[in-house]
Amino acid sequence: EPGLYVTATPIGNLADMTYRAVEILKKADLILCEDTRQTAKLMSAYGIETPRAPYHEHNAARARPGILKKLQDGAVIALVSDAGTPLISDPGYKLVREARDAGIAVFPVPGANAGVAALSAAGAPSDRFFFAGFLPPKPGARAKALAALAPVDATLVFYETAPRLAGALSAMAEAFGKRRAVVARELTKLHEEFREATLADLAALYEETPAKGEIVILVFPPESREAGDADIDAFLETALQTMSVKEAAAA
Ligand code: SAM
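Residues numbered from 1 in each chain as written. Predicted model: local features only at pLDDT ≥ 70, side-chain atom pairs only at ≥ 80, totals over all residues.

Looking up the chain in an unreviewed UniProt entry gives the name Ribosomal RNA small subunit methyltransferase I, with the organism given as Hyphococcus luteus. Under the Sequence similarities (unreviewed entry) heading, UniProt states for the chain: "Belongs to the methyltransferase superfamily. RsmI family." Under Catalytic activity (unreviewed entry), UniProt gives the following word-for-word description of the chain: "cytidine(1402) in 16S rRNA + S-adenosyl-L-methionine = 2'-O-methylcytidine(1402) in 16S rRNA + S-adenosyl-L-homocysteine + H(+)". (UniProt positions renumbered as here; feature names shortened; annotations may be inferred.)

A. Examining the overall build of the chain more closely. Helices and strands together make up the secondary structure of the chain, namely 9 helices and 10 strands. Expressed as a percentage of the 251 residues in the chain, the buried residues total 32%. (Helix = DSSP H or I, 4+ residues; strand = E, 2+ residues; numbered from the N terminus. Buried ≥ 20, exposed ≤ 12 C-beta atoms within 10 Å, placed from the backbone.)

B. Inspection of the packing of helix α7 (residues 165–176) against helix α8 (residues 199–208) at higher detail. Closest axis-to-axis distance for the α7/α8 pair is 8 Å, and the angle between their directions is 160°. One element, α7, and the other, α8, form an angle in the roughly antiparallel class. Seen from above, α7 lies across α8 with left-handed handedness. In contact with L165, A166, L169, S170, M172, A173 and F176 of α7, α8 contributes L199, A200, L202, A203, Y206 and E207. (Axes fitted to C-alpha atoms, helices over the stretch in contact; angles between N-to-C directions. Parallel < 35°, antiparallel > 145°, perpendicular 65-115°, else oblique. Left-handed = near helix turned anticlockwise from the far one by under 90°. Contact = placed C-beta atoms within 7 Å.)

C. The site of the ligand, seen in detail. Around the ligand, the surrounding shell holds 24 residues, and the nearest of these are G84, A114, Y159, L187 and E214. Secondary structure elements with two or more residues in the shell around the ligand: α5 (114–122), β7 (155–161), β8 (180–185) and β10 (214–219). Residue composition of the shell around the ligand, by class: 9 nonpolar, 9 polar and 6 charged. (Near = placed C-beta within 6 Å. Nonpolar A, V, L, I, M, F, W, Y, C, P; charged D, E, K, R; others polar.)

D. A look at the sheet that holds β8. A sheet is described by the order of its strands in space; here 5 strands give the open sequence β6-β7-β10-β8-β9, paired in mixed fashion. The two strands at the open ends of the sheet, each matched to only one other strand, are β6 (129–134) and β9 (193–198). Going from strand to strand, the sheet's axes swing by 20° on average, the running direction of each strand aside. Bridging between β7 and β10 involves 6 bridges; their strand directions are antiparallel. (Pairing = 2+ DSSP bridges.)

E. Main features of the pairing of strand β1 (residues 3–7). Most of β1 sits out of view: 4 of its 5 residues are buried. Relative to strand β4 (residues 76–79), β1 is paired through 4 bridges, and the arrangement is parallel. Bridge pairing in β4 places V6 opposite L79. Relative to strand β5 (residues 106–109), β1 runs parallel, the two sharing 4 bridges. Opposite L4, over in β5, you have V106 as the bridge partner.

F. Spatial organisation of the nonpolar core. If you look at the biggest cluster of nonpolar residues, it comprises 63 residues, and the most contacted ones within it are A78, L169 and L218. With 7 residues, the top contributor of residues to this core is α7. Setting aside chain neighbours within four positions, we find A78 in contact with Y5, T7, I24, L25, A28, I31 and L32. (Core = buried A, V, L, I, M, F, W, Y, C linked by C-beta atoms within 7 Å.)

G. Expanded view of the packing of helix α6 (residues 139–149) against α7. It is at 9 Å that the axes of α6 and α7 come closest, and there the two elements cross at 40°. In terms of their interaxial angle, α6 and α7 are classed as oblique. Like other packed secondary-structure pairs, α6 and α7 cross with a definite hand, here right-handed. Residues P139, R142, A143, L146 and A147 of α6 pack against A171, M172 and A175 of α7. For the contact of α6 with α7, a count of residues per class yields 7 nonpolar, no polar and 1 charged.

H. Examining the sheet that holds strand β3 (residues 52–54) more closely. If you walk across this open sheet you meet the 5 strands as β3-β2-β4-β1-β5, and the pairing is parallel. On the outer flanks of this sheet lie β3 and β5, each paired with one strand and no other. Strand-to-strand, the axes of this sheet are offset by a mean angle of 25°, without reference to chain direction. Of the pairings in the sheet, the one linking strand β2 (residues 30–33) to β4 comprises 3 bridges and is parallel in character. Residue pairing for β4: L30 is matched across the bridge by I77. Against the sheet, helix α3 (residues 60–72) contacts β1, β2 and β4, and its axis sits at roughly 135° relative to β4.

What follows is the structure, given as structure tokens:
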């Protein structure tokens, strides 16, 4: 079916490509890539020979009208980014928005995402999370962004780069106090690592031993609002009260 296929690719382990993603990249008329050379590696691993075109921050505005025209003429176009799910701290939002505004079909082809991968295995509360993506690099703007996030009652998910990790963690310790956090590094790759401690301890650790690679930071919610025994007890109590009222009414 013609339309725009927003296609996730692996975040490190090449085998995390889905069958459907391979199928769609093979049958598409065109693959829009954040970096055509990066995508070429993936394509050669899966024997995909579809033509490629760049679609990134710097050419997006210029490229969009031509892409929308092709879509309107019935093309099957796949959008990929260098890693993981397009639009998630990656290009594509305006293209999807304008495609939908033009009545073009847009299909998700889901797969890897670094934030969700981190949440799935870190052991941080996963019932509610807030995706904060990349923080502003400048300390002033970063502190302001963190202050705004401090009251959010959910696990916070951040993307960070290795050189900024220690600085970000100490700014978080300042903004969030004693909350625990997990640094999830190099997910699905050879040197995958999860480290959990307080923000201050993690800041000290990475200040001393700088980390390499790609990083997700998960910050636990303010206080612990995991669905613990207390919540379950409270729920059962309410349920039992409701039942006995109904039973009394029936009697
Ligand atoms: N679209 C991607 C996704 O769905 O996760 C994110 C792209 S964003 C430009 C790149 C950032 O994602 C990295 O700086 C890092 O914070 C995170 N990331 C990507 N791959 C990762 C991995 N294998 N392990 C840990 N973090 C990763």
